[in-house]
Amino acid sequence: MRFPKRGRRTTSAAVLLTLALAVPLGAQATASPAADRSRAEQPAERQYQVTGADTRAERTAVADTGAAIDEVNGDSLVVTAGPAEAAALRSRGFTTKALPDVADRDEVLAAAPSDYHSYARMSAAVDTLVRQYPDLMSRRVIGRSHQGREIFAVKVSSNVRVDENKPEVLFTHNMHAREHLTTEMALYMLREFGTRYGSDARITRMLDQREVWIVPSLNPDGKVYDQDSGTWRNWRKNRQPNSGSTAIGTDINRNFNYRWGCCGGSSTSPSSQTYRGRAAESGPETKVIADFVRSRVIGGKQQITAHIDWHTYGELVLWPYGYTYADTAAGLTQDDRDAHAAVGTQMARSNGYRPQQSSDLYITDGTIGDWMWGSQKIFTYTFEMYPPSGHRDGFYPPGSVIDRETARNREAVLLLLENADCMYRSIGKAAQYCAT
Ligand code: 3K0
Ligand code: CA
Ligand code: ZN
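Calculation rules
- Residues numbered from 1 in each chain as written.
- Chains lettered and ligands numbered in written order.
- Predicted model: local features only at pLDDT ≥ 70, side-chain atom pairs only at ≥ 80, totals over all residues.
- Heavy atoms only, no water.
- Helix = DSSP H or I, 4+ residues; strand = E, 2+ residues; numbered from the N terminus.
- Buried < 20%, exposed > 50% of the residue type's maximum accessible area, 1.4 Å probe, protein only.
- Polar contact = N/O pair within 3.5 Å; in protein donor to acceptor, adjacent residues only side chain to side chain.
- Contact = heavy atoms within 4.5 Å.
- Donors = N, O, S within 2.8 Å, 3.2 Å for Na, K, Ca; no water.
- Disulfide = S-S within 2.5 Å.

Re the side chain of S267
- Here S267 shows up in the loop between α8 (220-227) and α9 (284-295).
- The exposure class of S267 is buried, given its relative accessible area of 8%.
- Separated by 2.9 Å, the side chain of S267 and the backbone nitrogen of S269 make a polar contact.
- Those residues in contact with S267 that sit more than four places away from it in its chain are G66, S272, T274, Y275 and R276.

What follows is the structure, given as structure tokens:
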């Protein structure tokens, strides 16, 4: 259901005006009940075009205000920011231009919330698949979100009920609430594995020789909040309250326990889009996936060798680190970097995305990728799916693109699985690193 556009735009303008007049910078509105209701429907965060930032250092300065950078287009950026972050951007000399609210973009924004699986429909679809392929797939609850929803992993492998000695590969999806195409990517992979095992040679071989873990939604509360009211809310973080603030949510991708908060790549302000939380792993969702990954250390050996964390948008393949511009750093040797880049570039060639180090975009800290490598030595990629930067669809492309844009990553997924037994083979160093 969509509200009549005119009424909604009026409400949204009134709320922004209330915030602009009444809210001290850095604080959150203590709005009237009426304004509060509207704000719940229509958060004050919105997208801005920011000009004057065309280097990675300037992009890092933009990110340092606590705005989330959604797009990089040459010297102009699109960010999601609240009033405080927008004011901080202007005070640092950047030019900001408010873009129309996501929910007001009905004509150009062809996506309806019903185009994408809701959390409930996704969960039911997974149950159906697991029932259909009981020897190949099993589902396990690995923990719960702040509001108590199940965060679950689907294991896919031949002989699925036995923990065998095979390289394990992890795929995590939908950490950022509004990045719904990533949940569709999880469902695509599950359907593809289910229907092609036993007929497609590559898939059969991989499911015989790997144990695959797919977590279709790392942020079920955020997904439900963004989608289930019937109008998109452009929500990114989880839905955990913050003590001493009315602002909701921690950015799960700034909450991981490797160099957490080290480097100006996250915010200390609960109202920020990139709020890092009060401590590393303070977000229950962060802790759930970190605990799961730690639980895969068996006999002192991490079983998971490779990982993709699926995001939208920008059509990028990113590798660690995000916390530093340096190509190599503590625990990341030249060979580690080169193997990440070699497989990352192969995958990017297959889907047409751009391969680069995470910090080539802007500095981030406390991300899942930095933790996966820095703390667990798991080869890790962040994929930013369709659309490319500058495309009007942003986080909400129409449902008609889902099949094409998920299948587009089929080859990249197979490439990662095929390399996962020895990532250093990609740089000709299997003998040095992978001798058994
Ligand atoms: O590792 C990274 O560079 C993460 C990029 C990710 C983020 O968390 O900022 N980009 S997104 O938020 O637009 N999906
Ligand atoms: Ca195993
Ligand atoms: Zn994201």
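Let's talk about the coordination of the zinc ion (ligand 3)
- Taken together, the protein donors to the zinc ion (ligand 3) comprise H176 (ND1), E179 (OE), E179 (OE) and H311 (ND1), at separations of 2.0 to 2.3 Å.
- In the primary structure, the donors to the zinc ion (ligand 3) are separated according to the pattern H-x2-E-x131-H. Per residue, the accessibility class of H176 equals that of E179, and both read buried.

Some remarks on the coordination of the calcium ion (ligand 2)
- The coordination sphere of the calcium ion (ligand 2), as far as protein atoms go, consists of D163 (OD), E164 (O), E168 (OE) and E211 (OE), spread over 2.2 to 2.4 Å.
- Sequence positions of the donors to the calcium ion (ligand 2) reduce to the motif D-E-x3-E-x42-E.

Points about the state of the cysteines
- Evaluation of the coordinates by the stated rule reveals 2 disulfides.
- With its sulfur 2.2 Å from that of its partner, C262 forms a disulfide with C263. Every disulfide takes its handedness from the sign of the S-S torsion; for C262 and C263 that torsion is -110°, giving left-handed.
- Taking the relative accessible area as the measure of exposure, C262 reaches 30% and is therefore partly exposed.
- Across the disulfide, C422 is cross-linked to C434 (sulfur-sulfur distance 1.9 Å). The sign of the 80° torsion about the S-S bond sets the C422-C434 disulfide as right-handed. With C422 in the loop between α13 (410-419) and α14 (430-433) and C434 in the segment after α14, the pair connects residues that are 12 residues apart, well separated along the chain.

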